[in-house]
Amino acid sequence: HKASEQNQPELPTATVRAEVVERKSRAATEDVVGTVRPKLSAAIEAKVSGRIGQMLVVPGQLVKAGERLVLLDAHEIQSRLDQAAAARQQAESDLKRNVDLMQQKILSQSEFDNAQSKFRVAAAAEAEAKTMRNYTLIVAPFDGVIARKLADVGDLAAPGRPLLQMENPDTLRFEADVPEALIGNVKLGDKLAVRIAAVAGEIEGAVAEMSPTADPNSRTYLVKLDLPGATGLRSGQFGRVAVPVGEVRAIRVPAAAVIQRGQMELVFVVANGHAQLRLVKTGSRVGDEIELVSGLNSGEQVVTEGASVLADGQPVVVK
C-alpha cells in the first residue's frame, strides 16, 4: 500500500481564493405573467358625424399634440357657419343703426334692447357653428405614436366610433393578473422585479394601480406597475413579474464557485489545507450568486476562484 502511495506523483500546491459560506435570507417569489402596455393611450373619435375627407397619418407615425390627424368633409357644417355669420352681420348692422336712432331719441329703450338681444343670439349661434366646424378637424391630444388605423378615407365618422388608436411610447406599464392567493403580498408603491422575454436583465417596476375587485371568471386582480423610461421596451411585449410569497434561508455561493461536469455540479471546500470535492445540488440564481440546496454546511470555506483547475485532495493555499 505504501509503495503505491509513493508511486503517485505529489499534487502541486495551488493558490486559491475562498470564502466562508453562511445561510442568507431572501424573499421567495412566484412569477405572474403579464404584458407591457402604454400608460397613456387614447382612441381618437370624431365629435360630429361626417365622411372622412383626408387621413393625414399612418400607423407608426410620431405626432405632436395638436397635430392634424383626420379631416372630415364639412360642406354642411360650413354652410351652417356661413348662414350664422350672415345673420350675425345683419344683427350687428341693425344694432349700429339703432344706436344712432337711440342717440337721436327716435327709438324707444325696449326696441333698442330687442335689437341688442337679437345681436347676442346671432353672435352665439355663429360661435356655436365655428366650434362645430373646428370639430371636423381631428387633432392629436398628446405627443405620441399612431398605433392603429381603424377607418379610412370615405368611411363615415360618427361619435363613439374610433378612427385611430394613439399611444405615448415613452411611458410604459406592466400589467399582470395576480391570482387571489398572492394579491395579499402586493401593495401600492411596492418595487417588484419584472423580466421581459425580449430584454436582458431585470427591470424594477413600481406598483401604481391595483384593481380593488377580482375578475369573477379568472379570480385574479389586475395590477399595473410603472416601468422606468428608456429600457428599450415596446408596447405588447410579454413578461413576468416576481410576486413575493415569503422568505427562504439558503446557503449561497458565487456563481464562479460551482463547476459543471456533465450532469454533475461540484464545488471545492478547503479542509485542513487541502481541496475537498463536494457534489452539490443548486437552486435559484440570485444576482451573481447561486443557492445550494444540498452538499454544503454553513461555516464551510468554499473555493471561489481557481476551482476549475483543482483536483480532489490537492494541497491549497488561500490568498
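As shown above, the structure is provided for reference.
Residues numbered from 1 in each chain as written. Predicted model: local features only at pLDDT ≥ 70, side-chain atom pairs only at ≥ 80, totals over all residues. Heavy atoms only, no water.

(A) Representation of the pattern of salt bridges in the model. Following the criterion strictly, the structure yields 15 salt bridges and no others. For the salt bridge of Arg17 with Glu305, the shortest nitrogen-to-oxygen distance reads 3.4 Å. Pair noted here: Arg17 is in strand S1 (residues 14-20) and Glu305 is in strand S21 (residues 301-305), with a separation of 288 residues, a long-range link. What makes Arg17 partly exposed here is its relative accessible area of 39%. Looking at Glu305, the relative accessible area reads 43%, which means it is partly exposed. With a shortest N-O distance of 3.7 Å, Arg37 and Glu175 are connected by a salt bridge. Taken together, the residues Arg37 in strand S2 (residues 23-38) and Glu175 in strand S11 (residues 172-179) connect sequence positions 138 residues apart. Residue classification places Arg37 among the partly exposed residues on the basis of a relative accessible area of 37%. (Salt bridge = Lys/Arg side-chain N within 4 Å of Asp/Glu carboxyl O. Helix = DSSP H or I, 4+ residues; strand = E, 2+ residues; numbered from the N terminus. Buried < 20%, exposed > 50% of the residue type's maximum accessible area, 1.4 Å probe, protein only.)

(B) Quick look at the nonpolar core. With 22 residues, the main nonpolar core has Phe174, Ile196 and Val241 as its most contacted residues. Here this core takes 4 residues from S11, the largest share from any one element. Formed by 21 residues, the second largest nonpolar core is a distinct cluster that contains Ala46, Val57, Leu69 and Phe142. (Core = buried A, V, L, I, M, F, W, Y, C linked by side-chain atoms within 4.5 Å.)

(C) Expanded view of helix H3 (residues 109-135). In a regular helix each residue adds 1.5 Å, so 27 residues correspond to 39 Å; H3 covers 40 Å between its end C-alpha atoms and thus fits that length. Of the positions making up H3, those classed as buried are Phe112, Ala115, Ala122, Glu126 and Ala129. As for H3, its buried residues are in contact with helix H2 (75-103). (Expected span 1.5 Å × (residues − 1). Contact = heavy atoms within 4.5 Å.)

(D) Structural detail: the sheet that holds strand S5 (residues 62-63). Spatially, 4 strands are ordered S3-S10-S8-S5 in an open sheet, and the strand pairing comes out antiparallel. Here the strands that pair on one side only, and so sit at the sheet edges, are strand S3 (41-45) and S5. Where strand S8 (residues 144-149) and strand S10 (residues 162-167) come together, 4 bridges link them in antiparallel fashion. Across the sheet, Ile146 pairs through a bridge with Met166, a residue of S10. (Pairing = 2+ DSSP bridges.)

(E) Local environment of H2. With 29 residues, H2 should reach 42 Å at 1.5 Å per residue; the first-to-last C-alpha distance of 42 Å fits that figure. Three or more residues of H2 are buried, namely Ile77, Leu81, Ala84, Ala85, Arg88, Ala91, Leu95 and Asn98. Packed against the buried residues of H2 are H3. Positive phi appears at Lys105, one or two residues downstream of H2, with a value of about 60 degrees.

(F) Quick look at the pairing of strand S17 (residues 264-271). With respect to burial, S17 is a largely interior element, 6 of its 8 residues being buried. As paired elements, strand S16 (residues 259-261) and S17 share 3 bridges and run antiparallel to each other. Paired with Ile259 across the two strands is Leu266, which belongs to S17. Where S16 folds back onto S17 in an antiparallel hairpin, the turn is made up of 2 residues, including Gly262, whose phi is positive at roughly 65 degrees. The turn joining S17 and strand S18 (residues 274-279), which pair antiparallel and follow one another in sequence, is formed by 2 residues; a positive phi near 55 degrees is taken by Asn272.

(G) Quick peek at the packing of H2 against H3. Following both chains from N to C, one finds H2 and H3 inclined at 155 degrees, their axes separated by 8 Å at the closest point. Judged by the inter-axis angle, H2 sits roughly antiparallel to H3. Considering how the two elements wind past one another, H2 and H3 form a crossing that is left-handed. Class assignment of the residues belonging to the contact of H2 with H3 gives a composition of 17 nonpolar, 4 polar and 8 charged. (Axes fitted to C-alpha atoms, helices over the stretch in contact; angles between N-to-C directions. Parallel < 35°, antiparallel > 145°, perpendicular 65-115°, else oblique. Left-handed = near helix turned anticlockwise from the far one by under 90°. Nonpolar A, V, L, I, M, F, W, Y, C, P; charged D, E, K, R; others polar.)

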